[in-house]
Amino acid sequence: MLCSTNLPRFGDKQNSDFFEEYLPRLLEERDRSGLTEMIGGIEALMISVEPGNSVEYIAELALMTPYQYLVTLDSDKHMTHVLRIDMKSPDILLREVKHPEQSDIFRSLNDLYPVGAKRPHSRYLGEILLASDRHAVVAEQQQREFRFFSVGQLAELDLPLNVSLSTPSPYTQNMVGYMERPVDGIRVYHHGECVILSAAQAANDRGKEMQERLGISGLIMPIDHLATRVYSQNREPALLEYLALSSYYYWGSYDIKDQNSSTNVTKNVRQQPESVSPAKVFTANNSPYCVGHLDKLPSPTETFVRNYGPRLHHIAVEVKDGQINGRENIDYIVEAIAAQGKGFLLDTVGSREEGLKQIFSSASDFSSLIIEYVQRFGDFQGFFTRENVALLTYAAGQEEGVKGKI
């Protein structure tokens with residue numbers, strides 16, 4: 001039986017007594033119930049964009065990531081484009097609403113926040129996890145008072161009917177879903193009519209041809225981690241909730257005091273590479289914005305949440321370790337992509353001596369998501385250094401739209 005409590009912990013963040021009491025109890029009960037065995041890694045990520053934005057976002061992802069356009073699922077209310085690397089890495093389900101005036105629960109979440117409301121259909125929706133028996137998993141989770149959309153609600157929301165989806169989290173506003181597939185089987189989504197959209201294929205081909213021309217196609221690896229930002233008071237509940245819904249474990253937390261925030265990491269208990277099941281990172285203020293004026297502390301993380309709502313902030317992809325013409329691969333990639341007009345929030349931070357280099361792109365005009373590139377050197381196992389994450393957090397907080405006037 002998998003054991004979720006015998007893995008090493010990293011970091012220096014001091015958690016509450018509440019968290020330290022409930023964390024082992026939750027993981028031990030999850031293991032005993034069989035949920036840890038029944039729930040696998042991340043099968044797909046769900047992203048929604050504004051009408052007319054999906055094709056250009058496909059081109060952007062084709063240039064900046066290893067993803068390839070596969071097929072479009074044409075349904076009543078959406079065009080859902082399936083992007084894939086291979087069957088080892090998660091898919092991206094890129095949803096484009098057909099009618100701008102459409103209103104649903106996801107739009108209502110955006111409408112609550114001043115910057116999020118400017119792009120009412122653009123948001124990260126959540127992850128779909130592999131389950132050996134999704135109905136048994138959902139039944140177990142419902143006994144724990146987790147809520148799921150009914151089949152009728154899934155149909156009304158125009159979502160795949162072979163996926164069980166939780167209602168949006170009160171802490172992250174993301175969903176967690178479960179789907180089945182045979183061992184070595186192909187992922188299939190029961191949703192709409194499968195078509196090859198010529199505009200989407202052409203956009204993908206443009207991005208891939210550019211990758212080849214720039215000499216970066218073999219250097220960009222699959223997703224490394226997914227980073228969600230939440231309110232300070234929801235840091236520990238968000239971690240516990242995700243651990244209850246997944247087969248992940250608590251890897252650890254780092255306190256980034258000069259940015260008044262902490263970075264908290266969960267990973268798959270099966271110790272699979274992040275390329276197979278990306279790590280889930282949660283970032284939160286150390287203290288809420290309402291007392292920030294007393295200590296004159298920065299608040300880039302909570303400012304983002306207040307402007308956009310709790311949501312995914314960035315998708316990190318790994319860069320193959322190595323050099324080209326004496327320059328680290330990450331620097332070569334960033335220079336090549338920046339020359340095509342894509343902005344970055346800062347220069348690469350870190351070094352070979354420190355174990356890794358990282359950088360944030362500017363937020364996408366199409367999804368509002370940031371792409372992070374991460375190059376690890378040698379056997380470095382972490383996701384950041386304290387100095388790197390402080391610089392990245394500061395840079396993200398300076399971006400127009402994140403600072404956004406309220």
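Note that this is a predicted model, so its numbers are computed, not measured.

Quick notes on the rules
Residues numbered from 1 in each chain as written. Predicted model: local features only at pLDDT ≥ 70, side-chain atom pairs only at ≥ 80, totals over all residues. Heavy atoms only, no water. Helix = DSSP H or I, 4+ residues; strand = E, 2+ residues; numbered from the N terminus. Rg over C-alpha atoms; globule rule 2.2 N^0.38 Å. Buried < 20%, exposed > 50% of the residue type's maximum accessible area, 1.4 Å probe, protein only. Contact = heavy atoms within 4.5 Å. Polar contact = N/O pair within 3.5 Å; in protein donor to acceptor, adjacent residues only side chain to side chain. Arc of directions from axis to C-beta. Pairing = 2+ DSSP bridges. Axes fitted to C-alpha atoms, helices over the stretch in contact; angles between N-to-C directions. Parallel < 35°, antiparallel > 145°, perpendicular 65-115°, else oblique. Left-handed = near helix turned anticlockwise from the far one by under 90°. Nonpolar A, V, L, I, M, F, W, Y, C, P; charged D, E, K, R; others polar.

Undergrad: Residue-level account of the overall build of the protein chain, with values.
TA: When you go through the protein chain residue by residue, the secondary structure sums to 12 helices and 19 strands. Relative to the compact-globule value of 22 Å for 406 residues, the protein chain shows a C-alpha radius of gyration of 20 Å, a close match. Across its three principal directions, the C-alpha atoms of the protein chain cover 55 × 50 × 45 Å. Counting all 406 residues of the protein chain, 60% fall into the buried class. In the protein chain, the share of contacts with a sequence separation of at least 24, taken over all contacts with a separation of at least 6, comes to 71%.

Undergrad: Describe the side chain of H121, with residues and values.
TA: Mapped onto the fold, H121 is located in the loop between α4 (105-111) and β6 (123-131). By relative accessible area, H121 is classed as buried at 8%. A polar side-chain atom of H121 sits 2.8 Å from the main-chain carbonyl oxygen of P100.

Undergrad: Provide a residue-level description of helix α5 (residues 134-143), including the pertinent values.
TA: When we look at burial in α5, the residues that qualify are R134, V137, V138 and Q141. Summarising the axial view, the buried residues of α5 lie within an arc of 95°, below the 170-degree limit, and thus occupy one face. The outward face of α5, more than 90 degrees from its buried face, is lined by the exposed residues H135 and Q143. Along its buried surface, α5 packs onto α2 (35-38), β2 (39-49), β6, β7 (164-165), β8 (175-179) and α8 (235-245). One or two positions beyond α5, positive phi appears at E145, with a value near 75°.

Undergrad: Give a description of the environment of A203 that names residues and reports values.
TA: Take A203: it is sitting in helix α7 (residues 198-214). The sequence separation of A203 and R134 amounts to 69 residues, and the corresponding C-alpha distance is 35 Å. Those residues within four positions of A203 in sequence are excluded, and the remaining contacts are V55, I58 and A59.

Undergrad: Could you give me a rundown of the sheet that holds strand β9 (residues 193-195), with the residues and numbers involved?
TA: One open sheet holds the eight strands; their spatial order is β7-β8-β6-β2-β5-β4-β3-β9, and the pairing between them is mixed. Edge positions in the open sheet fall to β7 and β9, since each of these has one partner strand only. The strands touched by helix α3 (residues 54-64) are β2, β3 (68-74), β4 (78-84) and β5 (91-97); relative to β5, the strand with the most contacts, the crossing angle is about 155°.

Undergrad: Explain the packing of α3 against α7 residue by residue, including any values.
TA: Put simply, α3 and α7 touch, their axes get as near as 7 Å, and they point 25° apart. Comparing the axis directions of α3 and α7 gives the class roughly parallel. α7 is crossed by α3, and the crossing has right-handed handedness. Side by side, α3 and α7 meet where V55, E56, I58, A59, A62, L63 and M64 of the first sit next to A199, A200, A203, N204, R206, G207, K208, M210, Q211 and L214 of the second. Tallied by class, the residues present in the contact of α3 with α7 amount to 11 nonpolar, three polar and three charged.

Undergrad: Give a description of the packing of helix α1 (residues 17-33) against α8 that names residues and reports values.
TA: It is the contact of α1 with α8, at a shortest axis distance of 10 Å, that shows an interaxial angle of 5°. The angle between α1 and α8 places the two elements in the roughly parallel class. Residues F18, F19, Y22, L23, L26, L27 and R30 of α1 pack against E236, L239, L240, L243 and A244 of α8. Classifying every residue of the contact of α1 with α8 by side-chain character gives 10 nonpolar, no polar and two charged.

Undergrad: Kindly report on the pairing of strand β11 (residues 248-256), identifying the contributing residues and their values.
TA: Within a regular strand, the side chains alternate between the two sheet faces. The buried fraction of β11 amounts to eight of the nine residues, a majority that puts the element mostly inside the structure. Strand direction decides the pairing type here: strand β1 (residues 10-11) and β11, joined by two bridges, are parallel. In the sheet register, F10 faces β11, and the bridge partner there is G252. The pairing of β11 with strand β12 (residues 261-268) spans eight bridges and is antiparallel. Across the sheet, the residue bridging to G252 is V265, located in β12. Counted along the chain from β11 to the antiparallel partner β12, the turn is four residues long, and its residue N260 has a positive phi close to 55°.

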